[in-house]
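Remarks on the overall topology
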Amino acid sequence: MKKLILCVLLAIATLAVALAQELPAPQGYLSDYAEMLSPQMREQLTALLRELEAKTTVEVALLTVKTTQPLDEFQYAVKIFDTWQIGKRGQDNGALFLVASEDRRVRILTGYGLEGILPDGKVGAILDEFVLPHFREGRYDEGIYKGVWAVALVIAREARVELTGEAPVDIRHISNDGIALPFIIFILVAIIIFSSLMRTARRGARGAFPWWILTTAAAGSSGKRGSSSSGGFSRGSFGGFGGGRTGGGGAGRAW
């Protein structure tokens, strides 16, 4: 019993620390609090992300921190996204590229509006191919640069625009690496409905179609994976992003 009480108190204390955790303010498209990038790389990435927004309206924020503790990198990324509100209001077309140097974790978190363009499988493939190999060798500049470029190229290709400069990566072979969740839900619902219809036909019953299945499926497919809020965010000299929201899509990795 004492151990249970101790665990509960520890959980409450951890939650209190997490809620009170002060989040870094956005310094622009790029906020390098862990100082992982050279001044030249910061300048190049800022120019890339500024051009990407100008041509597609998509807002991509890059944040490096030393640690996300006591939160894991997913919880921290969602908290940052909801506070900074990356992406345009109503379009939710933002993405957060988060690197925690001491935790050795990286995550790309997408807004609702980018989940179709950057599904979880594709984001994971970008991290696996363009980011992690360089991170494991300590070449953080190169890994972040190529990862951000890959994300930008996917977005630009969908918008049918060209980005200035020579891209350091080729994304044409990157696939979604899996079946989208909505498609899986659709198949499962279809199987359930078909099985129910077959049972009803065999029994010769009428008016027994289980409409509750459709209602439940619709409610489940429209559910969101993350929290959201509205309004822009502004601190310091940076004016803030546009009021976007996230559903928790994307992928994370350790290196």
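Keep in mind it's a predicted model, so treat the numbers as computed, not measured.

L45 and L118 are the most contacted members of the largest nonpolar core, which has 46 residues in total. Top element by residues in this core is helix 5 (residues 140-159). It accounts for 11 residues. Contacts of L118, omitting those with residues within four sequence positions, involve T110, V123, I126, V151, V154 and I155. In this structure, L63, I86, A100 and L109 belong to the second largest nonpolar core, which totals 17 residues.

We now examine the environment of L63. Within the secondary structure, L63 sits in strand 2 (residues 59-65). Judged by relative accessible area, L63 falls into the buried class, the value being 0%. Residues L63 and A100 lie 37 residues apart in sequence; the distance between their C-alpha atoms is 8.6 Å. Leave out the neighbours within four places in its chain, and L63 touches P24, S31, Y33, Y76, I80, W84, L96, F97, L98 and V99.

On to the layout of surface pockets, then. Here the second largest pocket defines a volume of roughly 150 Å³. Around the second largest pocket sit W149, L153, A156, R157, V161, E162, L163, G165, A167 and I171, which together line it. The residue makeup of the lining of the second largest pocket, split by class, is seven nonpolar, one polar and two charged.

In the segment running from Q69 into P70, the intervening peptide bond is cis, with an omega of 10°. Position of P70 relative to the elements: it lies in the loop between strand 2 and helix 3 (73-84). A positive phi angle, close to 55°, is found at E35, a residue other than glycine.

With that out of the way, let us pick up the side chain of H134. By the secondary structure assignment, H134 is in helix 4 (residues 120-136). With relative accessibility at 9%, the residue H134 sits in the buried group. Here R139 takes part through its side chain, which lies 2.7 Å from a polar atom of the side chain of H134. At a separation of 3.4 Å, a polar atom in the side chain of H134 contacts the side chain of K146. The residues contacting H134, other than those within four sequence positions of it, are R139, E142, G143 and K146.

Here helix 3 is 12 residues long and its end C-alpha atoms lie 16 Å apart, about the 16 Å a rise of 1.5 Å per residue gives. Of all the positions in helix 3, only E73, Y76, A77, V78, I80, F81, D82 and W84 are classed as buried. Tucked inside the fold, the buried residues of helix 3 contact strand 1 (30-32), strand 2, strand 3 (94-100), strand 4 (105-111) and strand 5 (246-254). For helix 3, the capping residue at the N-terminal end is D72, with a side-chain oxygen 3.1 Å from the backbone nitrogen of F74. Positive backbone phi, at 60°, marks Q85, one or two positions downstream of helix 3.

Cut-offs used in this document
Residues numbered from 1 in each chain as written. Predicted model: local features only at pLDDT ≥ 70, side-chain atom pairs only at ≥ 80, totals over all residues. Heavy atoms only, no water. Core = buried A, V, L, I, M, F, W, Y, C linked by side-chain atoms within 4.5 Å. Buried < 20%, exposed > 50% of the residue type's maximum accessible area, 1.4 Å probe, protein only. Helix = DSSP H or I, 4+ residues; strand = E, 2+ residues; numbered from the N terminus. Contact = heavy atoms within 4.5 Å. 1 Å grid on protein atoms, 1.4 Å probe; cavity = no way out; pocket = protein on both sides within 12 Å on 5 of 7 lines; lining within 4 Å. Points joined across faces, edges and corners; volume = space filled by probe spheres on them. Nonpolar A, V, L, I, M, F, W, Y, C, P; charged D, E, K, R; others polar. Polar contact = N/O pair within 3.5 Å; in protein donor to acceptor, adjacent residues only side chain to side chain. Expected span 1.5 Å × (residues − 1).

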